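Each chain is listed here by its residues.
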Amino acid sequence: MIESPDRTPLPRDFFDRPVLEVAPDLLGRTLVRMTDDGPIELRLTEVEAYAGEADPGSHAYRGRTARNAVMFGPPGHAYVYFTYGMWHCLNLVCGPEGRASGVLLRAGEVRVGQELARKRRLSARNDRELAKGPARLATALDVDRTLDGTDACAGPSSPLSVLTGAPIPAAQVSNGPRTGVGGEGATHPWRFWIDGDPTVSPYRAHAPRRRRG
């Protein structure tokens, strides 16, 4: 059986590049999540790049910790973190081993397994909102910390993989500041999205938390 070109898994060397090359090149690709209940497939429409120790907005800015260790490992692995005590977010590690960088998967269009995603995203008003934002994307795909370190290039046996899909022409890709990033990294135009796509999340500037007492 000959595999359709758009169903070909992305190889590890796709991810073994600078993060600002990988991030926009992920748009239009197909993220596959194999769950116990069946597959969910999502067309990526919005991502953000994080450049590790050179990027004040990155979890790896101050070096390696137990939490971010996967970011320093081989490219093509998943980095999953828990935020605000409520939500998980899914990233794909890029660049050479030992030099942390990654792409946050911010939004996408669920094309296969919508019924499975709907069960996890009961508050979504329509299918466009199933994975509209990084926490919603992870929730819809049943992603949590158990997937941290998953090799997305390991083939069909992996619970996560990325297929070639239909890459987006550069003319249809927009970029701007990352959502919710403050400080020195606030102005980096490292958020990339498919222009005009209804599943892209709204931009929100960083809002410092108020201290009580």
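- Going by an unreviewed UniProt entry, the chain carries the name Putative 3-methyladenine DNA glycosylase and comes from Streptomyces ficellus.
- Quoted straight from UniProt, the Sequence similarities (unreviewed entry) entry for the chain says "Belongs to the DNA glycosylase MPG family."

**Some thoughts on unusual backbone geometry**
Working note: non-glycine residues mostly have negative phi, and peptide bonds are mostly trans.
Next, step 1: Even without glycine at this site, Asp142 takes up a positive phi of about 55 degrees.
Next, step 2: One can find Asp142 in the loop between α4 (134-140) and β6 (160-163).
Next, step 3: Asp142 sits in the partly exposed class, given a relative accessible area of 32%.

**Some thoughts on the packing of aromatic side chains**
Next, step 1: Within the structure shown, the criterion is met by 2 aromatic pairs.
Next, step 2: The interplanar angle of 75 degrees and the centroid separation of 5.1 Å between the aromatic rings of Phe14 and Phe15 together place this pair among those described as edge-to-face. Side by side, Phe14 and Phe15 carry an identical accessibility label, which is buried.
Next, step 3: Between the aromatic rings of Tyr79 and Tyr81, the centroid separation amounts to 5.7 Å while the plane-to-plane angle is 40 degrees, which identifies the pairing as tilted.
Next, step 4: In this arrangement the basic side chain of Arg17 is found over the ring face of Phe14, its NZ or CZ atom lying 4.6 Å from the centre.
Next, step 5: The positively charged end of Arg191 is found above the aromatic ring belonging to Trp193, 4.3 Å away from the centroid.

Cut-off values and rules
Residues numbered from 1 in each chain as written. Predicted model: local features only at pLDDT ≥ 70, side-chain atom pairs only at ≥ 80, totals over all residues. Heavy atoms only, no water. UniProt positions renumbered as here; feature names shortened; annotations may be inferred. Helix = DSSP H or I, 4+ residues; strand = E, 2+ residues; numbered from the N terminus. Buried < 20%, exposed > 50% of the residue type's maximum accessible area, 1.4 Å probe, protein only. Phe/Tyr/Trp six-rings, centres within 6.5 Å; stacked < 30°, edge-to-face > 60°. Lys NZ or Arg CZ within 6 Å of the ring centre and 35° of its normal.

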